[in-house]
Amino acid sequence: SWTNHMVWESIKMLPNYQKLVIVSGNGAFCSVVEAAKASNKPTKVVSFDGTLQAELSNLAGSVVLLDKTYIFDSTLVKSKYTEEIND
């Protein structure tokens, strides 16, 4: 699956990076976090609270829970393009 491919690619690329940030709550990434921790690399997981797997949260060095503060609502922005069309 696509997720498994991402997990293995992430583990393979860990030596190239100083820290790990995973933007997913999928528990499949637990092995990536474990590999990063074994290499003494700081780990952070960014996810929506409702989709964050407990094991992934417990393994991460830190967790950022996404809420409305982090969501961009494009419907609130009136674009210049829209104004030009309506003129």
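Worth saying up front: this structure is predicted, and the values here are computed from it rather than measured.

A. Up close: the nonpolar core. Counting 14 residues, the largest nonpolar core has L20, I22, F29, V32, V33, V45 and L56 as its most contacted members. Secondary structure elements with two or more residues in this core: β1 (20–23), α2 (30–38) and α3 (54–59). Looking at this core, the element that brings in the most residues is α2, giving four residues. The contacts of V32, once residues within four sequence positions are left out, are V7, S10, I11, L14, L20 and I22.

B. Up close: the pairing of strand β2 (residues 43–48). Bridge count for β1 against β2 is four bridges, and the pairing is parallel. Within β2, the residue paired with L20 across the bridge is T43. Taken together, β1, α2 and β2 constitute a β-α-β crossover, and its handedness is right-handed. Pairing geometry for β2 and strand β3 (residues 62–66), over five bridges, is parallel. What sits directly across from V45, in β3, is V63. Note that the unit made of β2, α3 and β3 has a crossover that is right-handed.

Reading the values: the criteria
- Residues numbered from 1 in each chain as written.
- Predicted model: local features only at pLDDT ≥ 70, side-chain atom pairs only at ≥ 80, totals over all residues.
- Heavy atoms only, no water.
- Core = buried A, V, L, I, M, F, W, Y, C linked by side-chain atoms within 4.5 Å.
- Buried < 20%, exposed > 50% of the residue type's maximum accessible area, 1.4 Å probe, protein only.
- Helix = DSSP H or I, 4+ residues; strand = E, 2+ residues; numbered from the N terminus.
- Contact = heavy atoms within 4.5 Å.
- Pairing = 2+ DSSP bridges.
- Right-handed = clockwise from strand over helix to strand, strands pointing away.

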